[in-house]
Amino acid sequence: PALQLLTELARYPALPAPEIEAAGRDLRAALEARSLDPGLVASRVFARRMYGDHPYARAPSPGTVETLDRTDLLGLVARTLRPDHALLLVSGAVDPEAVEARAREALADWEPEPLPTRPVPPFPAPRETRIDLVHRPGADRSLILVGHRVPHDDAELVAALGVAAELWGAGP
C-alpha cells in the first residue's frame with residue numbers, strides 16, 4: 001500500500017487549489033518575516049554580489065510566490081520529479097530484493113517527458129575586493145559577512161574551509 005501511494009503521489013500529484021493557496025500564504029508570510037532578519041538580508045545581498053545573474057544568486061520573494069498557480073506547480077513537478085532523476089531509498093527491516101522488485105514493477109511504465117535544455121550561465125568573473133554596506137535603520141543587530149567562491153571540485157579545501165568557518169563562528 002505505501003509503495004502504491006508513493007507511486008500515485010509521484011506520478012499523479014493532485015495539488016488541490018486550497019492547499020496551494022494555504023501553502024503560498026504560509027511561504028509569503030515566512031519570506032516577509034525573513035526580510036526583517038539582518039542575517040538573511042545580508043545573505044541575499046551577498047549572493048547577488050557574489051554570483052550576479054547566476055541562478056545561485058536567486059531567492060524567492062513574496063512577489064514571486066504570489067504569481068505561482070497550480071499550472072506552474074504541475075509544470076515544476078513534471079520537470080523535476082522524474083524517473084530519470086529520481087532516487088527511491090527504503091530504510092528499515094525489509095527484504096531488499098522484494099522491495100526492489102515491487103518498486104520496479106510499480107514504476108515500470110513511468111517514462112520521463114522530454115526536457116528542454118536550459119544552459120546554466122557561467123559565474124561572473126571575480127571582482128576586486130569590495131566592501132558593501134546594507135543600512136537597516138532600526139535593526140536589532142549587525143552582521144559582518146566575508147567570503148569568496150570556492151571550487152567545488154576540491155573536497156579537501158571545502159572541508160578545511162568548513163572547519164575554519166566553524167572556528168570563526170560562521171558554521172559550514
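Look a little higher up for the structure.
Residues numbered from 1 in each chain as written. Predicted model: local features only at pLDDT ≥ 70, side-chain atom pairs only at ≥ 80, totals over all residues. Heavy atoms only, no water.

## Notes on the overall build of the protein chain
- Secondary structure summary: the protein chain contains seven helices and zero strands in total.
- Listed N to C, the secondary structure of the protein chain is α-α-α-α-α-α-α in terms of helices and strands.
- Taken over the C-alpha trace, the protein chain has a radius of gyration of 22 Å; the compact-globule value for 172 residues is 16 Å, which it surpasses by more than 25%.
- Within the protein chain, buried positions represent 15% of all 172 residues. (Helix = DSSP H or I, 4+ residues; strand = E, 2+ residues; numbered from the N terminus. Rg over C-alpha atoms; globule rule 2.2 N^0.38 Å. Buried < 20%, exposed > 50% of the residue type's maximum accessible area, 1.4 Å probe, protein only.)

## Let's talk about the packing of helix α1 (residues 2-11) against helix α6 (residues 96-107)
- Two elements in contact, α1 and α6, have axes whose closest approach is 10 Å; the angle formed by their N-to-C orientations is 35°. Here the hand of the crossing between α1 and α6 comes out right-handed. Contact with α1, carried on its side by Leu3, Thr7 and Arg11, involves Arg102, Ala103, Ala106 and Leu107 of α6 and no other residues of that element.
- When the residues that make up the contact of α1 with α6 are grouped by side-chain class, the tally is four nonpolar, one polar and two charged. (Axes fitted to C-alpha atoms, helices over the stretch in contact; angles between N-to-C directions. Left-handed = near helix turned anticlockwise from the far one by under 90°. Contact = heavy atoms within 4.5 Å. Nonpolar A, V, L, I, M, F, W, Y, C, P; charged D, E, K, R; others polar.)

## Digging into helix α7 (residues 155-167)
- In a regular helix each residue adds 1.5 Å, so 13 residues correspond to 18 Å; α7 covers 19 Å between its end C-alpha atoms and thus fits that length.
- Those residues of α7 not exposed but buried are Gly162, Ala164 and Ala165. Here the buried residues of α7 occupy an arc of 165° about the axis, which is enough to place them on one side. Across from the buried face of α7, at angles greater than 90 degrees, the exposed residues are Glu156, Val163 and Leu167.
- Where α7 ends, the next residue or the one after it, Gly169, has phi of about 95°, a positive value. (Expected span 1.5 Å × (residues − 1). Arc of directions from axis to C-beta.)

## Some words on the side chain of Thr7
- Here Thr7 lies in helix α1.
- Among the residues examined, Thr7 registers a relative accessible area of 9% and is labelled buried.
- The residues contacting Thr7, other than those within four sequence positions of it, are Tyr12, Ala106 and Leu107.

## A few points about a nonpolar patch on the surface
- A cluster of nonpolar side chains, Leu6, Leu88, Val90 and Val94, forms an exposed patch at the surface whose accessible area comes to about 300 Å².
- Of note, Leu6 is situated in helix α1. (Patch = residues over 30% accessible without salt bridge, like charges linked within 9 Å, V, L, I, M, F, W, Y side chains within 5 Å. Areas by Shrake-Rupley, 256 points an atom, 1.4 Å probe, with all protein chains shown as cover. Salt bridge = Lys/Arg side-chain N within 4 Å of Asp/Glu carboxyl O.)

## Description of unusual backbone geometry
- Here the phi dihedral of Leu15 falls at roughly 45°; this positive angle occurs in a residue that is not glycine.
- Among the structural elements, Leu15 can be located in the loop between α1 and α2 (17-34).
- On the basis of relative accessible area, Leu15 is assigned to the partly exposed category, the value being 23%.

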